[in-house]
Amino acid sequence: MAQVRLEHITKRFGDGSEAVTAVDDVTLQIEHHEFMILLGPSGCGKSTLLRMVAGLEDPTAGDVFIGDRRVNDVEPKQRDIAMVFQSYALYPHKTVAANIEFPLKVRGVGKAERAAEALRAAEVLGLEPQMKRKPGQLSGGQRQRVALARAIVRNPAVFLMDEPLSNLDAKLRGDTRAELVDLHRRIDSTFLYVTHDQVEAMTMGSRVAVLSDGRLQQVGTPQEVYDRPATAFVAQFIGTPPMNMLPPGMLGSDAVQVGIRPEHLRLTPGGELHAIVKQVEHLGHEVLLFADANGTRLISRLDPSSFVPEVGDPVAFDAEPGRLHRFDATSGERVS
Amino acid sequence: MNRRLRDVPWAIVMLLPSIALIAVWTVYPLVKAIQKGHLRCDVTGTKCRDAGWGRYWDVFTSAEFQHALGVSLKLMVLTVPVGLLLGIGLAVLADKHLRGIGVFRTIFSSTVATSVAVASLVWFTLLQPQIGVFADMFSGWFPVVKNPGLLNDANTALPAVALSSIWANLGFTFIIITAALQSVPRDLYESAFVDGAGSVRRFTNVTIPMIAPTLLFVGVVLTTRALQTYGEIALLTGGGPNPEKPTTTIPYLIYGRNSLISNDLGTKSAAAVLLFLLSLVLALVQFRGLEKRVHYGR
């Protein structure tokens, strides 16, 4: 049973006036066997947070718990974790089998047992035919699997992954997403997964923790985060195309910023928002309409079978009732 | 195919400068030396006659060459492993991210900018029996009635020269190994660390294999340099002390002022060609023997 608990974690790099706060007072609890995604743009502190769980960085303040144990001063080796790096970090001079066996070898596991365990891990990931090869002879996807196999071979309580799919091409990334979800289902480990890709976050996570500028913005299931973003940042970061954000005063009070998802912005003759169509993208299953309303860009998602205006046409939009997101204009926090 | 043919004249033009340089400075002297190696000359070196390829065997089996070969190989054994180990050690020390480490990097690499003449002068002073720091240090350990100095003692002359040679080459070794260490991806160390590998294991499982191609390269270069050692010997010992001549290496036998064969152009050429063959064979042995264990690329 491994729950991961982060309590008021802060990490500052450098000192004095040059200090940079990478992680700012983050408190987060990851339940046993949860697939938790740390999501945010680059530089938001998500990787630093993961590295503190791994023991590669020490928090400046706050406590890290794995299970019931406070692990701030525990070596990575004793934390019962395994980590998959973005670059895979495979040893180029070792065969696939030796790479997978390495964590066991370090722990003094005997040769025969090591080979058996490595084979078992390789089977989970379909790597048996590659065992005698070296990483240089493998495709990107295969290398990624070797890194995963090396991580699962010890049955770690917690599995840490730092953007493991970002070096794969789009097709392979899609397949591997599904495989990771499947792997999570089959093994009894807690997953902590860092990504900047919201598609990965939405499709794989049991829950998503969104970070920005080192601060935790929101924690929730992918659907919750999408349906009720807690801050204007989350609202704009999640969703493709992003949520329309109207400047304060355009719709309602001056103190609130109103957000409308493109699918909830409907073309309505006599609608409240007037705009000129700037661009129309036909994507087959949907049409994206980009329009300009006095300098504010509006994006609307339309059904291709419905009426689609042309570039230069004046149009009017209305928001679907009950689908408005209101955020405080200064703090960015959700009002309703 | 057509395009390739069209490119040939330009390719020749582009290659011409390199071909010319190599032809004039490498191929021509080598061919000339091989020709002259056939010559057997009288004592004054003025009258020579062609003695054919057999001359090489005569020179190789001569007592002078055999002695110099032994000295050269001894010098190689004294300098290469120690130089390599010291270079790795210093480079690993300086690879830490510590405050002020740049100063140490500069100091460690400084000998690369020191000429053999200057280095030898420094060591000559250090080893000088009257004022030298090292001579004093050792004479305290081994009290003798009259201290001749390490360079004048037939037993210590070669190790003393080796010391100076190791020091002079250390900057080069340090710089190349430091560069290799910096090219090892940090992820590999972190991954090994998370997997539980301690510093020794990280060194043997990550550092050494990852810099192995560089170590092979440095090893071959140091071996070749050891076999070509001339400047230190000319300045520190002049091939002596006599009569044992424990520091007469092959290059000193060829060029040295005090060399027995200094007037004999034919024998000198033959010895030079033999030295070239020896370096070639050793380099080939190193590449062949170690290449299988060295992993290049990712």
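One structure accompanies this document, and this report is about it. A quick note: this is a predicted structure, and the numbers were derived from the prediction, not measured. (Residues numbered from 1 in each chain as written. Chains lettered and ligands numbered in written order. Predicted model: local features only at pLDDT ≥ 70, side-chain atom pairs only at ≥ 80, totals over all residues.)

## Here we look at the overall build of chain B
When helices and strands are tallied, chain B shows twelve helices and two strands. Considering chain B as a whole, with its 298 residues, one finds that 33% of them fall into the buried category. Considering only contacts in chain B between residues 6 or more positions apart, those separated by 24 or more positions represent 67%. (Helix = DSSP H or I, 4+ residues; strand = E, 2+ residues; numbered from the N terminus. Buried ≥ 20, exposed ≤ 12 C-beta atoms within 10 Å, placed from the backbone. Contact = placed C-beta atoms within 7 Å.)

## Points about the overall build of chain A
A count of helices and strands for chain A gives eight helices and 18 strands. By principal-axis analysis of the C-alpha atoms, chain A measures approximately 75 × 45 × 35 Å. A total of 336 residues make up chain A; the buried ones form 40% of that total.

## Overview of the nonpolar core
In terms of nonpolar packing, the biggest core is built from 142 residues, with L38(A), A149(A), L160(A), L192(A), Y193(A) and A271(B) touching the most fellow members. No other element matches helix α7 (residues 157–182) of chain B, which puts 13 residues into this core. Once residues lying within four places of it in the same chain are set aside, the contact partners of A271(B) are V59(B), F65(B), I250(B), L253(B) and I254(B). (Core = buried A, V, L, I, M, F, W, Y, C linked by C-beta atoms within 7 Å.)

## Comments concerning the environment of D313(A)
Residues and elements named next belong to chain A. Here D313 lies in the loop between β16 (296–302) and β17 (314–319). For D313, a count of 13 C-beta atoms within 10 Å translates into the label partly exposed. In sequence terms D313 and V256 are 57 residues apart; their C-alpha atoms lie 29 Å from each other.

## Thoughts on the interface of chain B and chain A
Across the contact, 16 residues belong to chain B and 18 residues belong to chain A. Those elements that provide at least two residues to the side of chain B that touches chain A are α8 (186–194) and α9 (199–227) of chain B. Ranked by residue count, the leading element in the side of chain B that touches chain A is α8(B), at six residues. Its residues assigned to classes, the side of chain B that touches chain A shows seven nonpolar, four polar and five charged. (Nonpolar A, V, L, I, M, F, W, Y, C, P; charged D, E, K, R; others polar.)

## Remarks on the sheet that holds strand β7 (residues 158–162) of chain A
Residues and elements named next belong to chain A. Strand order in this open sheet of six strands is β6-β7-β8-β3-β9-β10, and the pairing throughout is mixed. Each edge of the open sheet is held by one strand with a lone partner, namely β6 (81–84) and β10 (215–220). Averaged over neighbouring strand pairs, the angle between their axes works out to 15° when direction is ignored. Taken together, the five bridges between strand β9 (residues 207–212) and β10 define a ladder with antiparallel strand orientation. (Pairing = 2+ DSSP bridges. Axes fitted to C-alpha atoms, helices over the stretch in contact; angles between N-to-C directions.)

## Points about the packing of helix α3 (residues 63–94) of chain B against α9(B)
Residues and elements named next belong to chain B. α9 packs onto α3 with a crossing angle of 145° between their chain directions and a minimal axis gap of 9 Å. Considering the relative orientation of α3 and α9, their crossing is right-handed. Along the contact surface, α3 presents S72, L75, M76, T79, V80, G83, L84 and G87, while α9 presents L215, V218, G219, L222, T223, A226 and L227. Taken together, the residues that form the contact of α3 with α9 break down as nine nonpolar, six polar and no charged. (Left-handed = near helix turned anticlockwise from the far one by under 90°.)

## Some words on helix α4 (residues 140–152) of chain A
Residues and elements named next belong to chain A. Compared with an ideal rise of 1.5 Å per residue, which puts 13 residues at 18 Å, α4 spans 19 Å between its outermost C-alpha atoms and is within 8% of the ideal. Among the 13 residues that make up α4, ten are buried, leaving the element largely enclosed by the rest of the structure. Within the sequence span of α4, burial applies to R143, Q144, R145, V146, A147, L148, A149, R150, A151 and I152. Among the structural elements, β6, α2 (96–106), α3 (111–124), β7 and α5 (170–186) are those in contact with the buried residues of α4. (Expected span 1.5 Å × (residues − 1).)

## Overview of unusual backbone geometry
Residues and elements named next belong to chain A. Cis geometry is adopted by the peptide bond preceding P241, which originates at T240 and carries an omega value of -10°. With respect to the element layout, P241 can be found in the loop between α8 (232–237) and β11 (244–246). The backbone of H33 shows a phi angle near 60°, a positive value even though the residue is not glycine.

## Focus: α3(A)
All names here are of chain A. For α3, with 14 residues, the first-to-last C-alpha span of 20 Å sits near the 20 Å given by 1.5 Å per residue. Residues of α3 that are buried: R114, A118, A121 and A122. Buried residues of α3 fall within an arc of 100° about the axis and therefore sit on the same side. Among the exposed residues of α3, those pointing more than 90 degrees away from its buried face are A112, E113 and E123. The inward-facing, buried residues of α3 abut α2 and α4. With its phi angle positive at about 65°, G126 sits one or two positions after the end of α3. (Arc of directions from axis to C-beta.)

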